[in-house]
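# Overview (structure and organization)
One letter stands for each residue in the lines below.
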Amino acid sequence: MQTIDHTDFQKIDVRIGTIIHAEVFDKARKPAYKLKVDLGELGIRKSSAQITDLYNVEDLIGKQVVCICNFPPRQIANFMSEILVTGFDDGHGRIALATVDLPVPNGQKLH
């Protein structure tokens, strides 16, 4: 594995946000949801997330998630994804969201 220094890590804007809206993304090639995430001072940002195997739309509302906020926006079908909502493979190809075990204010940076 390649190592990085602290300055490289500081270039990545990793923040916590709360999912405030989720809907099925019908036009995506792979099953996905369209999400709106409240990132506090950064405002509401959109993301496409392939997390349909482990989550229902109803389960996502109010969930805090770890997001990468400084990737360039990415066009996915007719939708512009502005942030990357992060997660981990559960060992079976399904993505489990990266989250926090205690609530923190939206927009807080990862330290």
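Note that residues are indexed from 1 along each chain, following the sequence as it is written. This being a predicted model, a pLDDT of at least 70 is required before a residue's local features are given, and a value of 80 or more before pairs of side-chain atoms are given or counted; all residues contribute to the totals for chains, interfaces and linings. Think of the side-chain values as coming from all heavy atoms in the structure, minus any hydrogens and water.

## Overview of the overall build of the protein chain
A tally of helices and strands in the protein chain yields 2 helices and 9 strands. Each helix and strand of the protein chain, ordered N terminal to C terminal, gives the series α-β-β-β-α-β-β-β-β-β-β. Taken over the C-alpha atoms alone, the protein chain extends approximately 40 × 30 × 30 Å along its principal axes. The rule is simple: take the accessible area with a 1.4 Å probe, protein chains only, and divide by the maximum for that residue type; under 20% is buried, over 50% is exposed, in between is partly exposed. Counting every position in the protein chain, which comprises 111 residues, the buried fraction comes to 33%. Put simply, the protein chain shows about 7400 Å² of open surface, and 52% of that area lies on carbon and sulfur atoms. Positive charge is attributed to Lys and Arg, negative charge to Asp and Glu, and no charge count is given to His or to the chain ends. Lysine's charge is taken at NZ, arginine's at CZ, aspartate's at CG and glutamate's at CD. Treating the 13 positive side-chain charges of the protein chain as one cloud and the 14 negative ones as another, the clouds have centres 7 Å apart. Runs of H or I in DSSP of at least four residues are treated as helices and runs of E of at least two as strands, each being numbered from the N terminus. All accessible areas in this document rest on Shrake-Rupley with a 1.4 Å probe, and a residue is counted as covered only by the protein chains that are shown.

## A short note on the state of the cysteines
The rule for a disulfide is simple: a pair of cysteine sulfur atoms within 2.5 Å. Applying the stated criterion across every chain yields a total of 0 disulfides. Here Cys67 stays free of any disulfide, with the sulfur of Cys69 as its closest cysteine sulfur at 5.5 Å. Relative accessible area serves as the criterion here: at 0%, Cys67 is assigned to the buried category. Given a relative accessible area of 8%, Cys69 falls into the buried group.

## Concerning the UniProt feature "domain: TRNA-binding" (unreviewed entry) in the protein chain
Mapped onto this structure's residue numbering, the UniProt feature "domain: TRNA-binding" (unreviewed entry) falls at residues 8-111. The distance separating the terminal C-alpha atoms of residues 8-111 is 13 Å; by composition the span is 7% helix and 40% strand. UniProt positions are given in the numbering used here, feature names are shortened, and annotations may be inferred rather than shown by experiment.

## Quick notes on the side chain of Arg15
Among the secondary structure elements, Arg15 is positioned in strand S1 (residues 14-24). Whenever a nitrogen or oxygen atom comes within 3.5 Å of another N or O atom, the pair is scored as a polar contact, on the condition that within protein one atom can donate a hydrogen and the other can accept it, and that pairs from neighbouring residues in sequence are kept only if both atoms are in side chains. Looking at Arg15, its side chain comes within polar contact range of the side chain of Asp13, at 2.8 Å. Within polar-contact distance, the side chain of Arg15 engages the side chain of Glu41 at 3.2 Å. Any two residues whose heavy atoms approach within 4.5 Å at even a single point are treated as in contact. Setting aside residues no more than four positions away along its own chain, Arg15 makes contact with Leu39, Glu41, Leu42, Val65, Val66, Cys67, Cys69, Gly107, Gln108 and Lys109.

## Side note on the nonpolar core
Core analysis: the biggest nonpolar cluster contains 17 residues, and Leu35, Val37, Ile51, Leu60, Cys67 and Val85 have the highest contact counts within it. When contributions to this core are tallied by element, the ones reaching two or more residues are S1, strand S2 (33-38), helix H2 (57-60) and strand S4 (64-68). Not counting the four nearest positions on each side in its chain, Cys67 is found in contact with Asp13, Val14, Arg15, Val37, Leu39, Ile83, Leu84 and Val85. Ranked by size, the runner-up nonpolar core spans 5 residues in total, among them Val14, Val66, Ile68 and Ala98. Among buried residues, those of type Ala, Val, Leu, Ile, Met, Phe, Trp, Tyr and Cys that are joined through side-chain atoms within 4.5 Å constitute a nonpolar core.

## Structural notes on the pattern of salt bridges
When a carboxyl oxygen of Asp or Glu is within 4 Å of a side-chain nitrogen of Lys or Arg, the pair counts as a salt bridge. In the structure shown here, the tally under the stated rule is 4 salt bridges. The residue Asp90 makes a salt bridge to Arg94 at a minimum N-O spacing of 2.6 Å. Asp90 sits in the partly exposed class, given a relative accessible area of 27%. Classification of Arg94 by relative accessible area gives partly exposed; the value is 31%. The network of salt bridges with shared partners includes Asp13, Arg15 and Glu41.

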